[in-house]
Structures are given as C-alpha cells and as structure tokens.
Amino acid sequence: MIALRAIGAVAAAAALLGAQPLPDPVNDSVIVDPGLPRQLSQFGFFAGKGVSTPNRALIRYALRTPLFSDYADKQRFMYIPAGSRAQVKENADVEFPVGSALIKTFGYGSGADFRPIETRVLLRRASGWEALPYVWNADLTDADLKVAGTRLPIAVTKPSGDKVQISYAVPNKNQCKECHANNGRVTPIGPYFPNMDLTFGELRRFRSQANFPKVPVVNNGPVWNDPATGSLDARARAYLMTNCAHCHNPAGSASNSGLFLNADAASDRVATGIYKRPVAAGRGSGGHDFAIAPGDPDRSIMVHRMSSTEPGVAMPEVGRSMVHDEGVALIREWISSLSQD
Amino acid sequence: MKRKFAGPMSLPVRSLSFVSLAALALATPLAAKDIVVASGAGAQERLQEALIMAQPGDVVLLGDGRFELTDGLSLDVAGVTVKGAGPDRSVLSFAGQLAAGEGLLVTSDNVVLRDFAVEDSKGDAIKSKGADNIVYHNIRVEWTGGPKETNGAYGIYPVESQNVLIDSVLVIGASDAGIYVGQSRNIIVRDSIARFNVAGIEIENCFNADVHDNVATRNTGGILVFDLPNLPQQGGHNVRVFDNLVVVNDTPNFAPKGNIVASVPTGTGVMVMANRDIEIFDNVFEGNGSSNIMVIGYRQTFDDPQYQPMVRNVRISDNAHGKTGFAPQFAGGEMLAAAFGGSVPPIIWDGVGGAGASIVSSDDVPVLNLGMTRADQPIETAQPSLAQLTGDAAPRLPKIVMPAAMEAAIR
C-alpha cells in the first residue's frame, strides 16, 4: 500500500514537471484572517480542476495507520508558510506555526481516477485552529464551504469487490471539532510523527521547514494491516489510537467514558477497556458487560459497536456509515489473543 | 415539614409551567439577535447552520412544527439560547436519524435550552458535555413508541459540567435514565416529570445536587443516586432528594444488559449506591413494588483503588410511605417478603459498615438491614433483620444555588 502510494507520488511529480506555469502562491491572509472563506479556491491550495495540481508549497503526506472513513481515499497536504517552521516535539507531536494549514481531501478512486468529494481544512490562526469542510461541485471547478455539513449519495466499492450505495456524510463544523477537540480546543490529529508516511522527497521538504528534538523521533509506527511493521498488539493499539483515541482520551470528546485509547493510557488496563464496564453505552452495550472481554471478541462491547452502523450503537459516532470489516477483524484477532484473568 | 400520605392525586410538586408566549418574549434579552428557523424542507442544514453561525447572546428561535432531522445537531457557541414555541409545538424529530450518538449536543457554556421537544433520537436525546451554566427548561423528550430496549439511553444528559439547572422537563421512554446528570457539580433537577424510563432521574458521580419537586412514576426505578468506578470524577456526595412524588414505578426493567441500571429492581423508589452524605426527606412514596428507599453498595467487581463502594452518611426523614414491597423484584425478595409478613420493608440498607456507615432514618416505617459485611456479598449469605437506624436524621446539607443569571433566564 505504501509502495503503491510512493509510485503514485512519483507519477504525480512527473505530471507536475510537465505542467505549464507554476500555481500562484498560497493566499496566506485567507488562512490567518478571521472569517470563513466561502470557496476553497480562495486559499490557492490547488490549481485547475479538482485536487490534481496542488500548490508547490504544499507537502504531501500519508498516515501509516489512517482513520477509516467509509473506504474513502484521502489525499493529505500540509502547508507551512515560508519563513516559519514546524516543531516536532519530544513526544513526537507536530506543532505548526500560525499561518499553517492541513488540507485533507476525501474521495474515491486511486491515481488519475481519484474523484474528490470534499476537502477539509484545518487553519492555524492566531486564535487557534479553525476546522472547515468544503464540498466539491459537480465540475470540480471549486469546493464550497458547508459549515452545516451535508449528505451525498455515493457508490462505494469495498476491497472485497462488493458495491455499496451509501449516504456519505460531510461533517459539519462542530463535528470537525468533536473529533479534533482537546480540552475544548480544535487540535490536529494526524500529524503525529511516528504515524506519518512521507516519501524521501516529502520528508526532505518537511525537514527543511521543521525543527526536530534532540531525542530521535522516527516515522516508523505500526501499519495496522502490515504484520512486518509491528506485533498484533502494536498494530491493534495503533488502529485504536487513530480510530478512537481522538475522542477516547482524558481531554477528548469521550473523556466522560473513562475508556482511554491514547498512547499515554496504555498502561492502565481498565482504561484501555479490559474488563471495563460501560457507563453511558445504553443499547451500545449489546448486552455485554465489558468493553473488552479478553479472549472473547463476541462478548466485547468494542467489537459490537465497531460492527454496527446504527446511530446510538456505532463507534466512531461520526464519519462512518459502513463497517470497516478489515479493522474489525484486526481487533477481533487482538481481543482473542488477550488472556483472561 | 411532616407530610401525611394522601396518595398520588395530591401532588406535592408545583404544576409544570408551560410558559406562555408573552412570558417568553419578556425573557428575551434586549441585545440579542434572533435567528428564526422554520420547520420544513432542509431543516437539518438550516438549523445546524444557525447553531454554528450564532454569536454569543443570540437566540435561535425554532418555529412551529416538526423538524425532521437526519443527523445529530450540535451547538458549540457560548451564551446562545435555543428556544421553541413550546414542547408540543416545536418538535425536533430524529426518527430518521442516520448518524451521531445523540439528537442535540451542546459543548459550550451559558446555554439555555427551552420550550421545544426532542423525539425518537437513536442515541441520547440532548447531551451537554463540559457545558457549564446550562439551563434546560420546559423541554419534552420522548421516545414515542413507549418503553423499549431499542430506545436511546438518556433523555436529558448533562455531563462534566458545573452548574446544571433542569427545570420543568418531561422525559418519557429512556432505556437508561430519563434525566441523567453525570460527573458534574452543583446541580438542580426540579419540577420535572420522568415516566416510563428505566431510571426516572439519575445523579451519577456528582457532587452537590438538589433533586426536588419532581414526579417519578411508571419507571423501573424512580430516582437513583449512584457512583461508579474507573471514571474521571467519582466519589459522589452531597445530594438532597426531597419533596418528590415517587409513585408506582412498575415498568419492567428494559435496560440493555451490561449497563448499571439493568441491575435496578423493578419497583424501586429511590436507590442510593456508593455515595456519601445523602439526604432523603419530605418525599411521597407509594406503589413501588420492590421498596421505597434502597441504600446499597456497588455490587460488581472492580479494579480501582480510588473507589469507595459503600454508602456512608445517609439521613432519611419525614417521608410518606404508602404501599410498598409487595412485589420485590430482586434476588431473595420473595423469601424476604414472606419472612416479614408478606411485604419487604419500605427502607432497605445492605448494612455494610455497620453503625460506622451512619445510615439514619426517622421515618415511621420498618427498615430492613441485610446485615452484609461487604457490598458485593451474595444475597444468599446476607443476615437480614429489622433495624432501628437511630441518630440525627434531620437534613443539614446546604441548599444548592445557581448563578442568578441562570434563574433569570427562565423567570
């Protein structure tokens, strides 16, 4: 998967070399000024139609273990304004300077067939991060701000080959924050250096605009579906961290649940879900007693909720209308491997 | 105040004030901008956009009629009032909801929610999280198909908040608790009605709450004061339950298994679990088949050195006890009823901690002491006996007071 992406990036770079004039610079004032730009084009992140010609100032990256979003393909860029530098912290979080932006496009189809649906931007303003969703028009000439989100009928082909018609949900501005909230403030989730997947060229560009700590931090975190990159336990925890911990951490939207799947909580067995009883699960409990019943995925609330698409039961609560079969299989395998008391 | 039992027809609560439109107009701050949102086509995006674009001080006015919603709504702007035309006139219907864990989510401070209804949300109905100084007033939450396991868990659900005022709400059909306040501080739940929920009103892992002048009826259990382990805020204490009508709680428990309320016996009036400094006074109890007041420890296994599973310092006084204990729905209940003349005594305490637990009652009814030494002791090994819980049972906790602006918002 990573290799394929690298090839794609090379192909994209080759295509770029052949492109005629370079795009105009990114419009820095639109990023930092207060207000809600109505069109994505106002930022200058992309030239031409859609997202196939990114501004040369953007640095593309991917995530080694990404969030599942109805099998959508995602194209991620970061923008760090000239003269400013990001800071990779000792805990491997990446801090971006004012004027930065993270640009994430959701769509279906790979390579040249990629058709964008929506582009979400996180803007680092002096007041903090602002999260805004933009929905592409039919001609892909621009994407319009949809603060209230929307729903779109989309046909999705699963990895199994099954075709499914879904009601794709573009999140509203508040839902962006629900996942991106840290103590009530919007915060990026993806740029955690060990989980970032950068090609050699992308990494070189990122390093030219980022300071690194004295302690070595490397982007070699587990890839959830690649056993060569980590043990089953490491890959399952990486999956839960990306897919759940943005809410399930002591400062996140699910702080009241006491179920914490962030890296720092990993040593607290009950907080991780093992023999943890539900608090406010309602029918989300599925009649089970524990978030994780070690050795018994069929009696684990976590598996029940990941396997459901029903609102009120399904986890995550937003951003998913399909079951991530392969992710559920990973978590089932992991729970099966845990020994009972 | 000693109140003689007079049956459920004599309501000790003030009648629910379904406020007139004229009164609403007076309550609108002069500086506020009104954002009017009508029901009808496109309600989801129009209403959600209004909730996002509102500025502090604004009032989002819901029009008459039904708002057919497809997704959860959310409000994250401080100081906004969401006001409908009345709980039977402005209805947010989530019957067609496709996603989100609740109907309406509030995550900002100083918000007033009033005069509308939320129906048939797939998860919780209205949740406010980390939302300080929140007011819920004159709101109806209902699962219209009656009590069902597939109903959402909580009706009105403030959590992790400081200063919570719930006034004149009606909640019907929650599969967990109709009115649930969790991990919060300084709370009033008053003049409200909870019926056909598993728990009518539940105060969980909270500090400083007054629950008064409510009606809890036809639930599985009327009013619960609980504390659970492994949560960011625990050690629940200082809760007063008074002047409530807790009658005929007889709906068979329909909570999904695994949830703590699934263990509440059908026919429970007030249940206090793993809390300290609780006062229960001037309530009217009648027709609760299991018992009127149960004071018990946390009975499940847990792994949390910080957690205190036993109940301490409970003062019970001046409650009116009608017929109770005639259909005990807990393990060993029938045997106990037979042993005590056909019905279980109206007050039950697990006995954990003995005299040191300081559980006292001056109510003129028998008390059953289960004689346990550990909260999680199997009921079969209990040593039940009638007990005198003597001591000073007079209430002494201070009255809970809200910031003046919160009371002013609904005056």
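Not measured: the values here are computed from a predicted model.

1. Focus on the overall build of chain B
Along its length, chain B carries four helices and 34 strands. What you see for chain B is a C-alpha radius of gyration of 21 Å, in line with the 22 Å of a compact globule of 411 residues. Here chain B holds 411 residues, and the buried ones make up 64% of them. Side chains of chain B give 30 positive and 44 negative charges; the mean places of these two sets differ by 3 Å.

2. Overview of the nonpolar core
Counting residues in each nonpolar core, the largest one holds 109 residues, and the members touching the most others are V60, L92, L113, F116, I126 and I280 of chain B. When residues no more than four places from it in sequence are discounted, the contact partners of F116 of chain B are L62, V82, G84, G86, P87, S90, L92, L104, I126, N138, I139 and R140 of chain B. Membership of the second largest hydrophobic core comes to 35 residues, among which are V303, M306, L330 and I331 of chain A.

3. Brief notes about the sheet that holds strand β15 (residues 170–172) of chain B
Residue and element names in this part refer to chain B. With parallel pairing, 10 strands are arranged side by side in an open sheet as β3-β6-β9-β12-β15-β18-β21-β24-β27-β30. Both outer strands of the open sheet, β3 (65–68) and β30 (320–321), are each paired with one neighbouring strand and no more. By the bridge criterion, three bridges tie strand β6 (residues 90–93) to strand β9 (residues 117–119) in an arrangement that is parallel. In the strand pairing of β9, L92 is matched with V118.

4. Brief notes about the interface of chain A and chain B
With 39 residues of chain A at the contact, the number on the chain B side is 45 residues. On the chain A side of the interface with chain B, the three residues burying the most area are N256, R277 and R283 of chain A, jointly 18% of the side's total. For the pair chain A and chain B, the interface holds four salt bridges. Here chain A and chain B share 22 residue pairs in polar contact (both at pLDDT 80 or more) between them. When contributions to the side of chain A that touches chain B are tallied by element, the ones reaching two or more residues are β11 (150–157) and α3 (173–180) of chain A. With five residues, α3 of chain A is the largest single contributor of residues to the side of chain A that touches chain B.

5. Here we look at the environment of V164 of chain B
Residue and element names in this part refer to chain B. Among the structural elements, V164 can be located in strand β14 (residues 162–167). Residue V164 is classed as buried on the basis of its relative accessible area, which comes to 0%. The spacing of V164 and M406 is 242 residues in sequence and 9.1 Å in space, taken between C-alpha atoms. Leave out the neighbours within four places in its chain, and V164 touches I134, P158, S184, N186, I187, I188, M402 and M406.

6. Side note on the environment of N27 of chain A
All names here are of chain A. Mapped onto the secondary structure, N27 falls in the loop between α1 (2–18) and α2 (28–32). Using a relative accessible area of 32% as the deciding quantity, one classes N27 as partly exposed. Considered as a pair, N27 and F45 are 18 residues apart in the sequence and their alpha carbons are 8.2 Å apart. A polar atom in the side chain of N27 sits 3.0 Å from the side chain of S29.

7. Section: the pattern of salt bridges
All names here are of chain B. Going through the model one piece at a time under the given rule, you end up with 31 salt bridges over all chains. A salt bridge links R66 to E68; the shortest N-O distance between them is 3.3 Å. The exposure class of R66 is partly exposed, given its relative accessible area of 39%. Note on E68: relative accessible area 48%, which makes it partly exposed.

8. Quick notes on the domain arrangement of chain A
Residues and elements named next belong to chain A. Partitioning chain A into domains gives domain 1 (2–211) and domain 2 (229–337). For domain 1 versus domain 2, the distance between C-alpha centres works out to 27 Å. Domain 1 puts 23 residues into the contact, and the matching count from domain 2 is 20 residues. Buried area between domain 1 and domain 2, both sides added, is near 1,800 Å², and the carbon and sulfur share of it is 57%. Summed over the shared surface of domain 1 and domain 2, the result is one salt bridge. Among the salt bridges present, the one from D325 reaches K158, with a minimum N-O distance of 3.0 Å. Put simply, the parts of the chain that give the side of domain 1 that touches domain 2 at least two residues each are β12 (163–170), α3 and β13 (181–182). Partitioned by chemical class, the residues of the side of domain 1 that touches domain 2 number 12 nonpolar, seven polar and four charged.

9. Quick look at the sheet that holds strand β8 (residues 115–125) of chain A
Residue and element names in this part refer to chain A. If you walk across this open sheet you meet the seven strands as β10-β9-β8-β7-β4-β3-β15, and the pairing is antiparallel. Each of the sheet's edge strands pairs with one partner strand only, and the pair in question is β10 (143–145) and β15 (196–197). The pairing of strand β7 (residues 101–108) with β8 spans eight bridges and is antiparallel. When the sheet's bridge partners are listed, G107 is paired in β8 with P116. Against the sheet, α3 touches β8 and β9 (128–136), its axis set at about 130° to β9. Across the sheet, helix α4 (residues 200–208) is in contact with β3 (58–63), β4 (73–79) and β15; its angle to β3 comes to roughly 120°.

10. Some points on unusual backbone geometry
The peptide bond linking M315 of chain A to P316 of chain A adopts the cis configuration, its omega dihedral lying at -10°. By the element assignment, P316 of chain A lies in the loop between α7 (301–306) and α8 (325–337). Notably, D120 of chain B is not glycine yet its phi reads approximately 55°, a positive angle. Mapped onto the secondary structure, D120 of chain B falls in the loop between β9 and β10 (124–129). Within the chain, D277 of chain B stands out as a residue other than glycine whose phi angle is a positive 60°. Relative to the helices and strands, D277 of chain B is located in strand β26 (residues 276–281).

11. Some thoughts on α4 of chain A
Residue and element names in this part refer to chain A. When α4 is considered as a whole, its buried residues turn out to be E202, L203 and F206. All buried residues of α4 fall inside an arc of 100° around its axis, so they share one side. Facing away from the buried side of α4, by more than 90 degrees, are the exposed residues F200 and R204.

12. What to know about the confidence of the model for chain B
For chain B, mean pLDDT is 92; residues scoring 70 or higher make up 92% of the total. Note that residues 1–30 of chain B has pLDDT below 50 and, in this model, 56 contacts with residues that lie over four places away or in other chains.

13. Describing α8 of chain A
All names here are of chain A. Taking 1.5 Å per residue as the helical rise, α8 with its 13 residues ought to reach 18 Å, and the 18 Å between its terminal C-alpha atoms agrees with that figure. Of all the residues in α8, the buried ones are G327, V328, L330, I331, W334 and I335. The buried residues of α8 all sit within an arc of 155° when viewed along its axis, so they share a single face. Lining the buried residues of α8 we find α5 (232–243) and α7.

14. Quick notes on the environment of L63 of chain A
Residue and element names in this part refer to chain A. Along the chain, L63 turns up in strand β3. Assessed through its relative accessible area of 12%, L63 is described here as buried. For the pair L63 and I292, spaced 229 residues apart in the sequence, the C-alpha separation amounts to 26 Å. Once residues lying within four places of it in the same chain are set aside, the contact partners of L63 are R76, G190, N195, M196 and D197.

The rules behind the values
Residues numbered from 1 in each chain as written. Chains lettered and ligands numbered in written order. Predicted model: local features only at pLDDT ≥ 70, side-chain atom pairs only at ≥ 80, totals over all residues. Heavy atoms only, no water. Helix = DSSP H or I, 4+ residues; strand = E, 2+ residues; numbered from the N terminus. Rg over C-alpha atoms; globule rule 2.2 N^0.38 Å. Buried < 20%, exposed > 50% of the residue type's maximum accessible area, 1.4 Å probe, protein only. Lys, Arg positive; Asp, Glu negative; His and termini not counted. Charge placed at Lys NZ, Arg CZ, Asp CG, Glu CD. Core = buried A, V, L, I, M, F, W, Y, C linked by side-chain atoms within 4.5 Å. Contact = heavy atoms within 4.5 Å. Pairing = 2+ DSSP bridges. Buried area = accessible area lost by both parts, 1.4 Å probe. Salt bridge = Lys/Arg side-chain N within 4 Å of Asp/Glu carboxyl O. Polar contact = N/O pair within 3.5 Å; in protein donor to acceptor, adjacent residues only side chain to side chain. Domains from an automatic or database assignment. Nonpolar A, V, L, I, M, F, W, Y, C, P; charged D, E, K, R; others polar. Axes fitted to C-alpha atoms, helices over the stretch in contact; angles between N-to-C directions. Arc of directions from axis to C-beta. pLDDT = per-residue confidence, 0-100. Expected span 1.5 Å × (residues − 1).

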